[in-house]
Structure formats: structure tokens, C-alpha cells
Amino acid sequence: MKFELVDRQGYIPDLVYGEAGQELACFVPDSYKWQQIAYNNGEGDVLIDGHTWRFFFAQEGIGVKLIDGIVTLKEAESFLSAVKIKIWGEKNQQVQMFIAGTTPR
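Counting from 1, residues in each chain are numbered in the order their sequence is written. In view of the model being predicted, local features appear only for residues whose pLDDT reaches at least 70, and side-chain atom pairs are presented and counted only at 80 or more, with totals across whole chains, interfaces and linings using the full set of residues. Only hydrogens and water are set aside when side-chain values are computed; all heavy atoms of the structure are taken into account.

1. Brief notes about the pairing of strand E2 (residues 35–40)
Here is step 1 of the chain: Pairing of E2 with strand E3 (residues 43–48) involves five bridges; the strand directions are antiparallel. Considered in E3, the bridge of Tyr39 is made with Gly44.
Here is step 2 of the chain: Hairpin connection from E2 to E3: two residues lie between these consecutive antiparallel strands, with Asn41 at a positive phi of about 55°. Think of it this way: DSSP has to see at least two bridges between two strands before they count as a pair. Strands here are runs of E lasting at least two residues and helices are runs of H or I lasting at least four, both read from the DSSP assignment and numbered beginning at the N terminus.

What follows is the structure, given as C-alpha cells:
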């Protein structure tokens, strides 16, 4: 599953990356236990509850992709909502969540 978090105004706040080995802390909600398993140039993978999630910059916002593991759509929505709050804050009403993908050929 791949998702995008997009602000209607195209705004992405300045992200404050964590220390070495924890750079992706700016994406992961504080309530989740996680381990960073890959990082490169502001993007990378984290392990949360046995699931690998990738954070990256998408064309219009922040991309979040479930790389390994299975979650329900409700679980994914809950996680993405927490990521949205972590990045844009609780009061921001301009950010939309999309399921992203490519058109079959």
C-alpha cells in the first residue's frame, strides 16, 4: 500500500531530522516504538510492529509506503493520521490522505 499526505496549499513544514540512526524521527509519531533500518538523503525505512514503512518525498507531499507486512485499511488510516499530526500539527485541516498508485497498463 502506498499513500500520500498532501497539503492543499503545497506546504510541507521544515522537518527536523533526528540524530544519526534516528534521522526519520521527524516522520514517526511519538507513540510508536520503531527502529530505523535504512536512511538516504531525507528518506528511508523504519520497522514498526513487524511492518516496514518507507517515508519519502512525493510529487506534492510526503509519501508513506507499506513495504513489508499486512495492515487493515483502518490501521493504515490511524497510522497515517498520526504521521500527519506529527508533521503538520493537530490543528492543520488542509492535509489530505490519498491512496497512491499507478494506473494499470
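From this point, the discussion proceeds with the structure in view.
2. Let's talk about the pairing of strand E1 (residues 2–7)
Put simply, side chains in a regular strand alternate between the two faces of the sheet.
Here is step 1 of the chain: In this structure, E1 lies alongside strand E5 (residues 62–68), joined through four bridges in antiparallel fashion. Of the residues in E5, the one forming a bridge with Leu5 is Ile62.
Here is step 2 of the chain: Two strands pair when backbone bridges link them, and E1 and strand E6 (residues 95–100) are joined in this way by six bridges, in the antiparallel orientation. Bridge assignment links Lys2 to a residue of E6, and that residue is Ala100.

3. Observations concerning the nonpolar core
Here is step 1 of the chain: Residues belong to a common nonpolar core when they are buried Ala, Val, Leu, Ile, Met, Phe, Trp, Tyr or Cys residues joined through side-chain atoms within 4.5 Å. Burial classes follow relative accessibility: with a 1.4 Å probe on protein chains only, a residue under 20% of its type's maximum area counts as buried, one over 50% as exposed, and anything between as partly exposed. Membership of the largest hydrophobic core comes to 23 residues, with the highest contact counts inside it found for Phe27, Val46, Trp53, Phe55 and Val64.
Here is step 2 of the chain: At the level of elements, E1, E3, strand E4 (51–57), E5 and helix H1 (73–88) are the ones that each hand at least two residues to this core.
Here is step 3 of the chain: The element contributing the most residues to this core is H1, with six residues.
Here is step 4 of the chain: Excluding residues within four positions of it along the chain, Val64 makes contact with Met1, Lys2, Phe3, Leu5, Trp53, Arg54, Phe55, Phe56, Phe79 and Leu80. The contact criterion used throughout is that any non-hydrogen atoms of two residues lie within 4.5 Å.

4. Remarks on the environment of Gly50
Here is step 1 of the chain: Mapped onto the elements, Gly50 comes out in the loop between E3 and E4.
Here is step 2 of the chain: On the basis of relative accessibility, which here comes to 55%, the residue Gly50 falls in the exposed class.
Here is step 3 of the chain: In sequence terms Gly50 and Pro13 are 37 residues apart; their C-alpha atoms lie 29 Å from each other.

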